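# Observations on chain architecture
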Amino acid sequence: MSEYFCLSECDVIGFDLDHTLCRYHLKETSKLIYDSFARYLVEHKGYDRDLLTVTSATWDFCFKGLVVDLEDGNLIKLAEDGTVLRASHGTTCLSTEDIIKHYGPKREWRHFDSLNTSYTRSAKYYFYDNYFDLPGALLCARVVDMLHKRGNEVTADFWKDIVAAIDHNYNTSAFKEDSGWYFPSVKRDPGRYLEPCSDSLKAWLHAMKTSGKVLLLITSSHSDYCRLVCDHILGKDFEELFDVVITNALKPGFFSLVPQQRPFRTLVNDVEESEGLPSLDKPGWYSQGNWPHLHELLKTMTGKANPKVVYFGDSMRSDMFPASSYGKWETVMIVEEMEGEGVPRSSGGIKPGDVQLEPLEKKGKYDNQGMKTPSASSEQWGSYFVDVHRGTEGEEEPSRLTWCCHSIHTYSSLAIPSVEAIVDLPLDYKFLRFSPDKPSTTGYYPRPPDSLLKKFESVP
C-alpha cells in the first residue's frame, strides 16, 4: 500500500451526514440531547427532577470515547491495550487505588478483547463514540449518583431506561409524528443547531462530481430528517450533488454480510416500500440496504471491477471499522477533538469572524458561562488522544495512546478536524496516511493534535 492517500485516485467518494458533512453547534445540540433524554426519565420513568438541571461545570464530564461498564456503573477511559487509564463511579473520579480494586493490579478491563475486535455493543457495556449519544454518558453517570442518593443498589437495570429514552427521541417515526423532544426542537429552529456549510465545500463537491467521481451519501438518519438537514446545510438542490443517497442505513449493520444483510427499499413520501429490492440497478435515493449490493451498482456506474471507494465519517463503530474491515474502503475520520487541541478546523485557518462558532446561549436553567464544548479536552478525563497512568503515590508514568486514538490509526486512512479542512486543496493532493511503519503523528491533516505532538516531540 502506498504511503500516500489521494482523492483523485478514488472512483467513489462517500459521506456520512451527521457531524461529517453536517456540522452541529455542539453546545446547543448537546444540551438538547441531554434534555430530551432526561425529560423522558423524569416524565415517563419517575426519576428525580434534579436530572434536568445542568451547570457549566457538569459538562466537563461529557467526553467522547468513554465506556460504561453496565455491571457496576463505572465509566472508564481505556489505553490502546485495554488498560484502564481513568475511571469514575457515577460522576465521582476513582482513585488509582479504587481502579486497582475494581480492575486488578494491571488495571485490565475484562471485556476489552471483545470490544476491540468487533466494536459491537453488549449487554455488559456501552461505549460513546458519537455526539448523538454522548450526552447520555453524563446522564448515565448522574443516574448512578441518584441511585446512590436514594440508597438503591446500582444494577444494569437502569440501562433499560436509558435505552428507552434514546429510542423515544430517535425512533424513525419520531420526526414525522413530532414526538419526543429532539426532532420537534430542530424542526422549529434548525439554525440554532445546524451550521450551514461554506460555499467552498459546495464547490468542492461539485468539482468532484464534474471530474467524474461517483458521490454517495450514506446515513442512519431517516429520510425526512436527512432532507431537513441537507436543505439547511447544502441548500434545496442538495440531491443534485449525490448520485446515490441511502438513508436509514442502520450502520454498522449496512456493512454486514449474508445472511444478516438487509435489502434496499424504495421510498414513497418518506415511507419505505414493504418489498425489498433484490439488487440495485440504477442511482437514486434508497433506504436501508447493504454494501455488497451497493458495490455491484458502483461497479456498473464506474465501469470497474473493483472501484476504489473512500468514505468520510465520524464514528469508529458505525463508519471507520466496518467500512475498512468489511467494505475494504479507504476511510477518512472526522475528529472534532483535533480542534480542541489547537488544530484549525478549515483550510484557511481560524478567521476572526469564526471565533464564536456557537450561537449566543439563551438564558434559562443552563449556566452557560464557561460551558465546555464536548469536543474539547476535559479536566476530569484529559485528552482524547493521549493520557498517563498515575501510580498509587500519584506519580505519572509514561504517556500512552488512548484506545480511541489507536483505533483511528488502525482503521482510518486519514484524520481531519472537519471536511472544511481539505476543500481548498487540489484533488490530487497527496496526504500522508496512517501506517504501522510511521510515527503515530503521521496521518493527521493539517497537523497532529497538541497532545500527540508533545508526546512525540523528542522522536526524530
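About the thresholds
- Residues numbered from 1 in each chain as written.
- Predicted model: local features only at pLDDT ≥ 70, side-chain atom pairs only at ≥ 80, totals over all residues.
- Heavy atoms only, no water.
- Helix = DSSP H or I, 4+ residues; strand = E, 2+ residues; numbered from the N terminus.
- Buried < 20%, exposed > 50% of the residue type's maximum accessible area, 1.4 Å probe, protein only.
- Areas by Shrake-Rupley, 256 points an atom, 1.4 Å probe, with all protein chains shown as cover.
- Lys, Arg positive; Asp, Glu negative; His and termini not counted.
- Charge placed at Lys NZ, Arg CZ, Asp CG, Glu CD.
- Phe/Tyr/Trp six-rings, centres within 6.5 Å; stacked < 30°, edge-to-face > 60°.
- Lys NZ or Arg CZ within 6 Å of the ring centre and 35° of its normal.
- Pairing = 2+ DSSP bridges.
- Contact = heavy atoms within 4.5 Å.
- Axes fitted to C-alpha atoms, helices over the stretch in contact; angles between N-to-C directions.
- Salt bridge = Lys/Arg side-chain N within 4 Å of Asp/Glu carboxyl O.

To continue, consider the overall build of the protein chain. Counting secondary structure elements, the protein chain contains 14 helices and 21 strands. Each of the three principal axes of the protein chain carries a C-alpha extent, and together these read 60 × 60 × 50 Å. Considering the protein chain as a whole, with its 460 residues, one finds that 57% of them fall into the buried category. As displayed, the protein chain has an accessible area near 19200 Å², and 50% of this comes from carbon and sulfur atoms. With 51 positive and 67 negative side-chain charges, the protein chain shows a spacing of 1 Å between the two charge centroids.

So, about unusual backbone geometry. The residue after K251, namely P252, is reached through a cis peptide bond having omega 5 degrees. Going from Y445 to P446, the amide bond is cis rather than trans, its omega being 5 degrees. Relative to the elements of secondary structure, P446 occurs in the loop between β21 (431–432) and α14 (450–456). Despite not being glycine, D178 has its phi angle at roughly 60 degrees, a positive value.

With that settled, the discussion passes to the packing of aromatic side chains. A complete count under the given rule lists 40 aromatic pairs for this structure. Ring plane angle 65 degrees and centroid distance 6.5 Å describe the contact between F63 and Y384, whose orientation is recorded as edge-to-face. Taken together, the residues F63 in the loop between α1 (26–45) and β4 (67–69) and Y384 in the loop between β17 (330–334) and β18 (386–390) connect sequence positions 321 residues apart. Ring centres 5.4 Å apart and planes at 15 degrees place the aromatic pair Y119 and W403 in the stacked group. In this pair, Y119 is assigned in the loop between α3 (112–118) and β8 (125–127) and W403 in helix α13 (residues 403–411), connecting sequence segments 284 residues apart. Residue Y119 shares its accessibility class with W403, and that shared class is buried. A network of ring pairs unites the aromatic residues Y24, F37, F132, Y170, F175, Y182, F183 and Y225 as a single cluster. Looking at R121, its charged tip hangs above the ring of F127, at a distance of 5.8 Å from the centre. It is K430 that lies over the ring of Y4; its NZ or CZ is 5.9 Å from the centre.

Take the sheet that holds strand β2 (residues 12–15) next. As summarised here, the arrangement of the 8 strands in space is β12-β15-β11-β10-β2-β16-β17-β20, forming an open sheet in which the pairing is mixed. Since the sheet does not close on itself, it has two edges, and those belong to β12 (264–265) and β20 (414–416), each with one partner. Across the sheet, helix α11 (residues 291–302) lies against β2, β10 (214–218), β11 (244–247), β12 and β16 (309–313), angled at about 160 degrees from β10, the strand it touches most.

On to the sheet that holds strand β7 (residues 92–93), then. The strand order β7-β6-β5-β4-β8 describes an open sheet built from 5 strands, whose pairing is antiparallel. Taken across any chain shown, the strands that pair with only one partner, and hence form the sheet edges, are β7 and β8. Relative to strand β5 (residues 74–78), β4 is paired through 3 bridges, and the arrangement is antiparallel. Note that in β5 the partner of V68 across the bridge is L75.

According to the stated counting rule, one finds 31 salt bridges in the structure shown. For R150, the salt bridge identified is with D48, shortest N-O distance 2.9 Å. With R150 in helix α4 (residues 135–150) and D48 in the loop between α1 and β4, the pair connects residues that are 102 residues apart, well separated along the chain. Overall, the relative accessible area of 40% leaves R150 in the partly exposed class. One salt bridge in this structure joins K251 and D319, with 2.8 Å as the shortest N-O distance. Residue K251 is found in the loop between β11 and β12, and its partner D319 is found in helix α12 (residues 316–325); the two are separated by 68 residues along the sequence. What makes K251 buried here is its relative accessible area of 9%. What you see here is one network of salt bridges that share partners, running through E9, K308, E330 and R433.

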